[in-house]
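Residue strings, one per chain:
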Amino acid sequence: MGRLPRVSTFSKLQFSKYQGLGNDFLMLDGRRAPEPDTAFGLTADWVRELCDRRFGVGADGVILALPASAGGELRMRIFNADGSEPEMCGNGIRCLARFLADIDGDGPGRTWQIDTLAGRIVPQLLDDGRIRVDMGAPFMVPEQVPTTLAVGPAGLPQGELEIDGERFAVAAAGMGNPHVVIPVDRVEEIDLERFGTGFEHHPAFPARTNVHFVEVLAPDHLVMRVWERGAGPTLACGTGACATLVACHSLGLCERRARLDLPGGPLQIQWDAGSGKVFMDGPAEHVFDGAIPDPAAVAAARAQAAQRSQLPPTAPADPAAAVDCAKVCTQGCIQPDNCPNAEARARVEALLGTTSLDDLVTLATNSLESRTRARFERVDGPMG
Ligand code: ZDP
């Protein structure tokens, strides 16, 4: 895993970090992105680098706010820490609502019509600062989860699965993304590392799955532990909490409205009998703002570097042969395959290609200021 390149070398990409019950995300605002589908030049590799908690910024995922794609106000794309792109995310869409409210200065009552791969999702800012999300109706038809488990007596995909020699009675439901729910007597006794990945990659789930062990404390109070598809153990999963309530109510284990305790804190979930929709209430908090090197600029420079490393070693530069680009290459480089200044030119092109005029001016001003300061210090000794 490569190190993230220095921000100062490339133009910057502003991001903000938000978390919902410790499920944390890097938010990028691309609502005015000219090319939404390639906005930010994000690749799976780049998402993995960013989300790495030691070599990167660290997060469970990356969320993009983009122009609408299906008649909504905007579109949300989410990427898991492993670079995969799931259909929906519950804690993430609450973080997105809080992020937009913070940027645009929205207050309680504000709702957003958000297009996602799981359809239209509608978060609303509540008076107490939490966010209520209309998560839509759950998916309980095997193909829609997707799962190969057949619909059982409880009206949703059910069955027995064996993981690492242990048999578990499970149920499955979708919230646009897949979830397997495993009722157990005591969640804290479950070896998540041993069983989590086994369920995530079980053939009964062709698109992999999120995994939730749940213990019923009371008809309106459940406690769960989460192993997420593409992220591993997390402190909370909003779509998972919704799927867990739907599964547990269908199995007759809880009411249609319950508090779900996750390692990161509680969510209030309600499965409305009339509309068939699931509603989730929970917090979302800003953590910090930062800047990362613009992936497009880094990719361009890395491609250049890779290209250069393939070039046959150039004859040692003959100073006599040194070319003054400014004078000679006015109509473009005269020896593009062997230009002694290729490195500098590539960096300038990358910088010019991805830096706004304002940023360029700031850069120039800063460097002029620091050079002037240095000159004065050389002449008169350090400034008091
Ligand atoms: O479906 C998946 O691959 C999930 N890992 C997506 C992220 C879900 C999330 N944790 C949530 O809260 O629903 C953001």
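Cut-offs and rules
Throughout, residues of each chain are indexed from 1 in the direction in which the sequence is written. Whole-chain, interface and lining totals are the exception, using all residues; otherwise, since this is a predicted model, local features are given only for residues with pLDDT of at least 70 and side-chain atom pairs are given and counted only at 80 or more. With hydrogens and water stripped out, all remaining heavy atoms of the structure feed into the side-chain values. Each pair of aromatic rings taken from Phe, Tyr and Trp, with Trp reduced to its six-membered ring, is defined by centres within 6.5 Å and is described as stacked if the planes are under 30 degrees apart, edge-to-face if over 60, and tilted in the remaining cases. Labels follow the DSSP assignment, with helices taken as runs of H or I lasting at least four residues and strands as runs of E lasting at least two, numbered in each case from the N terminus. Only protein chains enter the accessibility calculation, which uses a 1.4 Å probe; a residue whose area is less than 20% of its type maximum is buried, one above 50% is exposed, and one in between is partly exposed. One heavy atom within 4 Å of a molecule or strand makes the whole residue count as near it. Counted as a polar contact is a pair of N or O atoms within 3.5 Å, where, for protein atoms, one must be capable of donating a hydrogen and the other of accepting one, and residues adjacent in sequence contribute only when both atoms are in side chains. With residues, only the protein chains shown are counted as cover, and all accessible areas are computed by Shrake-Rupley using a 1.4 Å probe. When residues are grouped by polarity, Ala, Val, Leu, Ile, Met, Phe, Trp, Tyr, Cys and Pro land in nonpolar, Asp, Glu, Lys and Arg in charged, and all others, Gly among them, in polar. Every case where a carboxyl oxygen of Asp or Glu lies within 4 Å of a side-chain nitrogen of Lys or Arg is listed as a salt bridge. Residue count minus one, scaled by 1.5 Å, sets the expected span of a helix. The contact criterion used throughout is that any non-hydrogen atoms of two residues lie within 4.5 Å. For this analysis, a nonpolar core means a set of buried residues of the types Ala, Val, Leu, Ile, Met, Phe, Trp, Tyr and Cys, connected via side-chain atoms within 4.5 Å. These domain limits were set by an automatic method or by a database of domain assignments. Here the rule is simple: two strands pair whenever DSSP picks up at least two bridges between them.

Asker: Would you mind showing me how to read the packing of aromatic side chains here?
Answerer: How two aromatic rings sit relative to each other is given by the distance of their centres and the angle of their planes. Tallied over the full model, the rule gives six aromatic pairs. Between the aromatic rings of Phe168 and Phe199, the centroid separation amounts to 5.3 Å while the plane-to-plane angle is 65°, which identifies the pairing as edge-to-face. Here Phe199 lies in helix H3 (residues 192-200) and Phe168 lies in strand S9 (residues 166-174), a separation of 31 residues in the sequence. When its relative accessible area of 9% is taken as the criterion, Phe168 is described as buried. Ring geometry for Phe199 and Phe213: centres 6.0 Å apart, planes at 75°, overall edge-to-face.

Asker: What exactly am I supposed to notice about the site of the ligand here?
Answerer: Contacts to the ligand come from 15 residues, most closely from Gly90, Glu228, Arg229, Gly238 and Thr239. Measuring from an oxygen atom of the ligand, one finds a backbone N or O atom of Gly238 at 2.7 Å. Protein burial of the ligand: of its 360 Å² of free accessible surface, 100% is covered by the chains. Breaking the shell around the ligand down by element, the ones donating at least two residues are strand S2 (23-29), helix H2 (90-104) and helix H4 (238-250). Grouping the amino acids of the shell around the ligand by side-chain chemistry returns five nonpolar, eight polar and two charged.

Asker: I would appreciate a short explanation of the pattern of salt bridges in the present structure.
Answerer: Between side chains of opposite charge, pairing is possible as soon as their charged atoms come close. For the coordinates displayed, the defined rule picks out 24 salt bridges. In this structure, Arg31 and Asp104 form a salt bridge, with 2.8 Å as the shortest nitrogen-oxygen distance. Placement of Arg31 in the loop between S2 and helix H1 (44-51) and of Asp104 in helix H2 is noted, with a sequence separation of 73 residues between them. Judged by relative accessible area, Asp104 falls into the partly exposed class, the value being 36%. Residue Asp281 pairs with Arg132 through a salt bridge whose shortest N-O separation is 2.6 Å. Remark: Arg132 occurs in strand S7 (residues 131-134) and Asp281 occurs in strand S16 (residues 278-282); sequence separation between them is 149 residues. Taking the relative accessible area as the measure of exposure, Asp281 reaches 4% and is therefore buried. Where salt bridges share partners, they join Lys17, Asp24, Arg53 and Asp60 into one cluster.

Asker: Teacher, can you tell me more about H2 here?
Answerer: Residues spaced three or four apart along an α-helix point in a common direction, a consequence of the helix completing one turn every 3.6 residues. Between the first and last C-alpha of H2 there are 21 Å, a value that for 15 residues agrees with the 21 Å anticipated at 1.5 Å per step. Counting buried positions along H2 yields 12 of 15 residues, so the element is predominantly enclosed. The complete set of buried residues in H2 reads Gly90, Asn91, Gly92, Ile93, Arg94, Cys95, Leu96, Ala97, Arg98, Phe99, Leu100 and Ala101. Among the residues trailing H2, Gly105 stands out with phi positive, at a value near 75°.

Asker: What's the story with unusual backbone geometry in this structure? I'm lost.
Answerer: The residue after Val145, namely Pro146, is reached through a cis peptide bond having omega -10°. With respect to the element layout, Pro146 can be found in the loop between S7 and strand S8 (158-163). Even without glycine at this site, Leu21 takes up a positive phi of about 55°. Along the chain, the position of Leu21 falls in the loop between strand S1 (12-20) and S2. Positioned with a positive phi, Asp164 is a non-glycine residue whose angle comes to about 50°.

Asker: What is the right way to read the side chain of Arg77 from this model?
Answerer: Mapped onto the secondary structure, Arg77 falls in strand S4 (residues 74-80). On the basis of relative accessibility, which here comes to 16%, the residue Arg77 falls in the buried class. Of note is the side chain of Arg77, whose polar atom sits 2.8 Å from the side chain of Glu85. Ignoring anything within four residues of it in the chain, the contact list for Arg77 reads Asp37, Val62, Ile63, Leu64, Leu66 and Glu85.

Asker: Explain the nonpolar core here, please?
Answerer: Within the largest apolar cluster, 55 residues are counted, with the highest numbers of intra-cluster contacts made by Leu96 and Ile269. Counting only domains with at least three residues in this core, you end up with domain 1 (11-136 + 286-291) and domain 2 (142-276). Excluding residues that lie within four positions of it along the chain, Leu96 makes contacts with Met27, Ile63, Ala65, Leu74, Met76 and Ile114. Membership of the second largest hydrophobic core comes to 21 residues, among which are Val145, Leu149, Phe199 and Phe213.

Asker: Explain the side chain of Asp261 here, please?
Answerer: Locating Asp261 in the fold gives a position in strand S14 (residues 257-262). Within polar-contact distance, the side chain of Asp261 engages the side chain of His221 at 2.7 Å. Setting aside its immediate chain neighbours within four residues, Asp261 contacts His221, Leu222, Val223, Met224 and Pro266.

Asker: Could you clarify how one ought to interpret the pairing of S9 in this entry?
Answerer: Each regular strand shows side chains that alternate between the opposite faces of the sheet. When S8 meets S9, the two strands line up antiparallel, connected through six bridges. Pairing of Gly159 across the sheet is with Val170, part of S9. Linking S8 to S9, which pair antiparallel, is a turn of two residues; within it Asp164 sits at a positive phi near 50°. Relative to strand S10 (residues 178-183), S9 is paired through four bridges, and the arrangement is antiparallel. Directly across from Ala172, in S10, lies its bridge partner Val180. Between S9 and the antiparallel strand that follows it, S10, lie three residues; Gly176 among them carries a positive phi value of about 100°.

Keep in mind that these numbers describe shape and distance, not what the molecule does.
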